[in-house]
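Chain and residue survey
This is what each chain is made of:
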Amino acid sequence: MVTDSRQFGDVVSFDIVSRNSTSLRPFASFVGFNNYGETVLLGMALMYDATGESFQWLLETFMRAMSGGAPRTFFSRQDAVVAKAISFVMPETRHAICTWHLKQAAKKKLSHLINGNCNYMKEFKACINDYEEEIEFFASWEAMISKYNLHGNVWLQEVFEEKEKWARPYMKQTFSAGMKNTQLNERLHSDVLDYLRSDVDINFLLKHLQKVINDIRYRELEVEFSLRLKLPGFKIRAPILRQASEAYTDMIFQLFQEEYEEFQSAYIVNRDESGPCREYIVAIIEKEKRYKVFGNPSEQSVSCSCRKFETLGFLCSHALKILDTMDIKYLPDTYLLKRWTKHGRCLTAPHVEGRKVQADTTSEFSSRYQYLCPVFVELVARASESQEQREQRRKVIKGCVLQKKKKVQPEEPATQYTVWDAPTQPGNVLLQGIDLSQPFPMGQMNYEENQEYGQFAFRSFCEKENVHLTVLPEH
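What counts and what doesn't
- Residues numbered from 1 in each chain as written.
- Predicted model: local features only at pLDDT ≥ 70, side-chain atom pairs only at ≥ 80, totals over all residues.
- Heavy atoms only, no water.
- Core = buried A, V, L, I, M, F, W, Y, C linked by side-chain atoms within 4.5 Å.
- Buried < 20%, exposed > 50% of the residue type's maximum accessible area, 1.4 Å probe, protein only.
- Contact = heavy atoms within 4.5 Å.
- Salt bridge = Lys/Arg side-chain N within 4 Å of Asp/Glu carboxyl O.
- Helix = DSSP H or I, 4+ residues; strand = E, 2+ residues; numbered from the N terminus.
- Expected span 1.5 Å × (residues − 1).
- Arc of directions from axis to C-beta.
- Phe/Tyr/Trp six-rings, centres within 6.5 Å; stacked < 30°, edge-to-face > 60°.
- Pairing = 2+ DSSP bridges.
- Axes fitted to C-alpha atoms, helices over the stretch in contact; angles between N-to-C directions.
- Polar contact = N/O pair within 3.5 Å; in protein donor to acceptor, adjacent residues only side chain to side chain.
- Parallel < 35°, antiparallel > 145°, perpendicular 65-115°, else oblique.
- Left-handed = near helix turned anticlockwise from the far one by under 90°.
- Nonpolar A, V, L, I, M, F, W, Y, C, P; charged D, E, K, R; others polar.
- Disulfide = S-S within 2.5 Å.

Further remarks concern the nonpolar core. The biggest cluster of nonpolar side chains holds 56 residues, and the ones touching the most others in it are Tyr248, Leu315, Leu320 and Leu331. Not counting chain neighbours up to four residues away, the residues in contact with Leu331 comprise Ile240, Gln243, Tyr248, Phe256, Leu315, Leu320, Leu323 and Leu336. In terms of nonpolar packing, the next biggest core, distinct from the first, is built from 23 residues, Leu102, Phe124, Trp141 and Trp166 among them.

This is the structure in structure tokens:
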């Protein structure tokens, strides 16, 4: 969990189950998601009560356990006690309110409008989801309040006072990585709910929690394995898409490719190229909305008023249009956010002063696999181009792989690895401290005895296939 927090703890979702129930133990969870969009569990706690002091203690303990690094954004339900604890313990963190729970609360607080024949909920949801500009949001909110005569509703007044935590004009200033609610916590809570009863032995609960953690990690590994078997599906052949497919995980690549498709329909309404920082107004065919985009060709920088990169971590169609206008045909490294790349998971456990962090062998297995897989995927892609190349590559692979049946029993501690943000050139693999003579697992990803493994003659393979391998000395 410490490693996951360092790598994917930038956006955290927090929730507590059974806060008002006397028959269930108060169970709190901290979750996020990884570079493949899969749930990562960052922390859990059983709480004695739900006072401000308890929440403050919980957040301080969570921060200390996770090496003191505060998340950029912290999602929770609308709760004054939790909000106060967050502002005290994590003053630099942006607190965001779960919009799903906000909608559910609106149905309960104003049930008389829901039961009537009116469009109150539709208009309330529009205030949450539809308006990107502050002026539009204010006008729609006031129109809703006036239409249904809700000026005296205390709950709506409190919601509006916290608009910076949920309304789009303000949330687009916040990095959310696509998270909008605490639904990830809900899924976890459904898995443990039956064990939270006060009559269930605490040892059974702890054993079940360990099983849940193992299941989450296995699903994460399974998804990564299945996605790495797939070659990227290009809808348009372009250098920037090839670069993105090599860098991004499949989930982000598909989203980025949608933006690239939309960029084909983008056009420039107005431009000012008089200074070093150029200003453009960009629109999409058959869409009314227009966006202001700034571009600097000398710095290879671009910024759009929609703020998709600042919010989600990948460039929008409007920014791609301006990059193309400035004759920039590849994504600058600045816009390849590491948390969305295939190398988003660092191979080393973080150093925590005064404590020893136990390595996760499942993660080490996945990490070794993640470095070898792209090399062989590229090889297979080349081999598929013709029958002659297929036979040549098949012989190379056959000569590189020695089939063995044995249980892997490492005699030395697991090697420490370090990963940099991105390879210096496409095709380079940056590794540190790797013993290439050690066997790497192959085939189905399980850990049974007598599993078949292969030992790759990696150096000779790379030389034959013109794949560049850089081995960096340990520091």
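Attention shifts here to the pattern of salt bridges. Taken as a whole, this structure holds 17 salt bridges when the rule is applied. Note that Glu186 is salt-bridged to Arg77, the shortest N-O span being 3.4 Å. Remark: Arg77 occurs in the loop between strand S4 (73-76) and helix H3 (80-89) and Glu186 occurs in helix H10 (residues 183-192); sequence separation between them is 109 residues. In this structure Glu186 comes out as partly exposed when scored by relative accessible area, which is 26%. Relative accessible area serves as the criterion here: at 35%, Arg77 is assigned to the partly exposed category.

A few words on helix H7 (residues 134-147). With 14 residues, H7 should reach 20 Å at 1.5 Å per residue; the first-to-last C-alpha distance of 20 Å fits that figure. Taken together, the buried positions of H7 are Phe137, Ser140, Trp141, Met144 and Ile145. What you see down the axis of H7 is that its buried residues fit within an arc of 135°, all on one side. Within H7, the exposed residues directed more than 90 degrees away from the buried face are Ile135 and Lys147. Tucked into the core, H7 has its buried residues touching helix H6 (120-129), helix H8 (154-161) and helix H9 (168-171).

Time to look at the packing of aromatic side chains. Throughout the structure, instances matching the rule amount to 21 aromatic pairs. On the numbers, 6.0 Å between centres and 35° between planes, the contact of Tyr120 with Phe124 is tilted. Linking Tyr120 with Phe124, this pair stays in helix H6, spanning four residues, or about one helical turn. With respect to burial, Tyr120 and Phe124 carry one shared label: buried. Between the aromatic rings of Phe137 and Trp166, the centroid separation amounts to 5.6 Å while the plane-to-plane angle is 75°, which identifies the pairing as edge-to-face. Here Phe137 is found in helix H7, whereas its partner Trp166 is found in the loop between H8 and H9, with 29 residues between them in sequence. With a relative accessible area of 3%, Trp166 lands in the buried category. Put simply, the rings of Tyr120, Phe124, Phe137, Phe138, Trp141, Tyr148, Trp155, Phe160, Trp166 and Tyr170 pair up and form one aromatic cluster.

Another aspect to go through is the sheet that holds S4. As summarised here, the arrangement of the five strands in space is S3-S2-S1-S4-S5, forming an open sheet in which the pairing is mixed. Two strands close off the open sheet at either side, each with one partner strand: strand S3 (39-46) and strand S5 (94-97). In this sheet, adjacent strand axes meet at a mean angle of 25° when their direction is disregarded. Across the sheet, helix H2 (residues 52-65) touches strand S1 (11-17), strand S2 (27-33), S3 and S4, and the angle it forms with S2 is around 40°. Where H3 meets the sheet, it contacts S1, S4 and S5, and its direction lies at approximately 165° from that of S4.

Turning next to the side chain of Thr182. Mapped onto the elements of the fold, Thr182 is located in the loop between H9 and H10. Of the polar contacts made by the side chain of Thr182, one reaches the side chain of His101; its length is 3.3 Å. Contacts of Thr182, omitting those with residues within four sequence positions, involve Ser13, Phe14, Asp15, Phe75, Ser76, Cys98 and His101.

Take the packing of H2 against H3 next. Remark: H2 packs on H3, axes separated minimally by 9 Å, with the N-to-C direction vectors making an angle of 40°. Between H2 and H3, the angle is such that the two are oblique. You can see that H2 and H3 cross each other, and the crossing is right-handed. Where H2 abuts H3, its residues Gly52, Phe55, Gln56, Leu59, Glu60 and Met63 lie against Val81, Val82, Ala85, Ile86, Phe88 and Val89. Grouping the constituent residues of the contact of H2 with H3 by class yields nine nonpolar, two polar and one charged.

Mapped onto the secondary structure, Leu46 falls in strand S3. When its relative accessible area of 35% is taken as the criterion, Leu46 is described as partly exposed. Leu46 sits 30 residues away from Ile16 along the chain, and the two C-alpha atoms are 9.3 Å apart. With near-sequence residues (within four places) excluded, Leu46 lies in contact with Arg25, Pro26, Phe27, Leu196, Ile202 and Leu205.

Outside of glycine, negative phi angles account for most residues, and trans bonds account for most peptide bonds. The phi angle at Glu286 is positive, at roughly 70°, despite the residue not being glycine. Along the chain, the position of Glu286 falls in the loop between strand S7 (278-284) and strand S8 (290-296). Positive phi, normally seen in glycine, also occurs at Arg307, with a value near 60°. On the secondary structure map, Arg307 appears in the loop between strand S9 (301-304) and helix H14 (308-312). A relative accessible area of 23% means that Arg307 is categorised as partly exposed.

Secondary-structure assignment places Lys147 in helix H7. Note: C-alpha distance between Lys147 and Tyr120 (27 residues apart in sequence) is 9.1 Å. Side-chain polar atoms of Lys147 contact the side chain of Glu123, separated by 2.8 Å.

This part is about the state of the cysteines. By the definition in use, this model includes zero disulfides. Free of any disulfide, Cys306 has its nearest neighbouring cysteine sulfur in Cys316, separated by 3.5 Å. Here Cys306 falls in the buried class, since its relative accessible area comes to 14%.

Once that is clear, we can look at the pairing of S3. Across the eight residues that make up S3, a large majority, six, are buried. Sheet topology places S2 next to S3; seven bridges connect them, and they run antiparallel. Across the sheet, Phe33 pairs through a bridge with Thr39, a residue of S3. Taking the residues that link successive antiparallel strands as the turn, the S2-S3 hairpin has five residues, and the phi of Gly37 there is positive, at about 80°.

Interpretation note: all reported values are geometric properties and have no functional meaning in isolation.
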